[in-house]
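Working through the structure, step by step
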Amino acid sequence: MSPTAVITGASGGIGAATAEALVKAGYDVVVVARRADRLADLAARTGGRAHQLDVTDASAVADFAATLDRCDVLVNIAGGAFDASPVATGDPASWLTTYEVNVLGTLHMTQALLPLLGADGGGTIVNLTSTAASVNYESGGSYSAAKHAAHALSETLRLELAGQPVRVVEIAPGMVHTEEFALNRFHGDRAKADAVYAGVDGPLRAEDVAECVRWAVTLPAHVNIDRLVVRPLAQAAQHKVHRGPIFATTTEEKQP
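Residues numbered from 1 in each chain as written. Predicted model: local features only at pLDDT ≥ 70, side-chain atom pairs only at ≥ 80, totals over all residues. Heavy atoms only, no water.

1. Some thoughts on the overall build of the protein
Short version of the rule: Comment: elements are numbered from the N terminus, with helices defined as DSSP H or I runs of at least four residues and strands as E runs of at least two. Exposure classes here rest on a 1.4 Å probe applied to the protein chains alone. A residue is buried below 20% of its type maximum, exposed above 50%, and partly exposed in between. Any two residues whose heavy atoms approach within 4.5 Å at even a single point are treated as in contact. All accessibility values rest on the Shrake-Rupley procedure with a 1.4 Å probe; residue burial counts only the protein chains present in the view.
Secondary structure summary: the protein contains nine helices and nine strands in total. Projecting the C-alpha coordinates of the protein onto the three principal axes gives extents of approximately 50 × 45 × 35 Å. In the protein, which comprises 256 residues, the share counted as buried stands at 50%. In the protein, the share of contacts with a sequence separation of at least 24, taken over all contacts with a separation of at least 6, comes to 69%. Of the accessible surface of the protein, which amounts to about 11,900 Å², a share of 55% is contributed by carbon and sulfur atoms.

See the structure below:
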């Protein structure tokens with residue numbers, strides 16, 4: 001029987017790319033997200049199973065968990081940034097939404113699926129955070145605060161599960177160019193979203209992060225990647241991004 005991987009936030013971006021990567025690695029993939037139409041397309045493309053779910057709804061998460069016979073890998077990807085406001089003028093409602101999606105969603109899924117992850121020889125939890133989980137930046141308060149909390153959740157859970165056959169992996173990407181992340185943060189303002197990546201020769205793609213997930217979960221069971229920070233070459237640090245050519249042929253030109 002193939003191992004089962006549950007992936008949240010799978011309706012696009014890193015979540016969808018991770019589903020495709022784990023299917024290729026031999027996993028029976030269960031993809032969950034709020035947008036049922038996109039999930040159906042992904043399931044049809046990968047042969048996975050789709051389940052519409054809002055991870056911030058603890059009751060719905062519990063009901064979903066009850067439908068599973070097994071879970072070997074849980075990949076908590078659902079999250080995102082929903083504003084780019086200074087702390088002084090930030091909307092508390094946006095902060096709350098950011099926390100609920102990035103932190104409480106991860107908490108609900110982890111609590112619901114831990115009993116299955118501890119069975120059948122053990123399992124792996126992968127929490128996708130961000131470099132914002134360790135380094136702050138202007139107008140990123142709500143997102144950084146939430147990702148700091150997700151990092152704390154991951155580290156604490158690893159300590160609490162010591163001696164049990166469940167790995168806790170945190171993957172913290174830097175600049176990733178997906179179709180929606182910056183667009184959601186700037187409420188649909190395409191010019192502001194595009195400006196984030198302007199001139200960057202090779203920001204990470206969803207597939208790059210998905211490959212990190214695949215690598216971490218397919219390592220031998222006794223090998224735990226506590227925290228993997230991954231950035232594009234152009235981003236030396238949170239505030240140090242090179243804008244201009246690096247490669248003789250740009251990564252954009254290499255795209256099929």
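2. Focus: the environment of Gly-199
Structurally, the position occupied by Gly-199 is in the loop between helix H7 (190–197) and helix H8 (206–218). Gly-199 gets classed as partly exposed once you look at its relative accessible area, which sits at 46%. C-alpha of Gly-199 to C-alpha of Ala-60: the two residues are 139 residues apart in sequence and 42 Å apart in space. Not counting chain neighbours up to four residues away, the residues in contact with Gly-199 comprise His-242, Arg-243 and Gly-244.

3. Focus: helix H1 (residues 13–24)
The condition that has to hold: Multiplying 1.5 Å by the residue count of a helix minus one yields the expected span of that helix.
End to end, H1 covers 17 Å across twelve residues, agreeing with the expected 16 Å (1.5 Å per residue, within 8%). Considered for burial, the residues of H1 that qualify are Gly-13, Ile-14, Gly-15, Ala-16, Ala-17, Thr-18, Ala-19, Ala-21 and Leu-22. Next to the buried residues of H1 lie strand S1 (4–7), strand S2 (28–33), helix H2 (36–46), strand S4 (73–76), strand S5 (123–128) and H8. Note on H1: the residue one or two positions beyond its end, Gly-26, has a positive phi of about 100°.

Keep in mind these values describe shape, not function.
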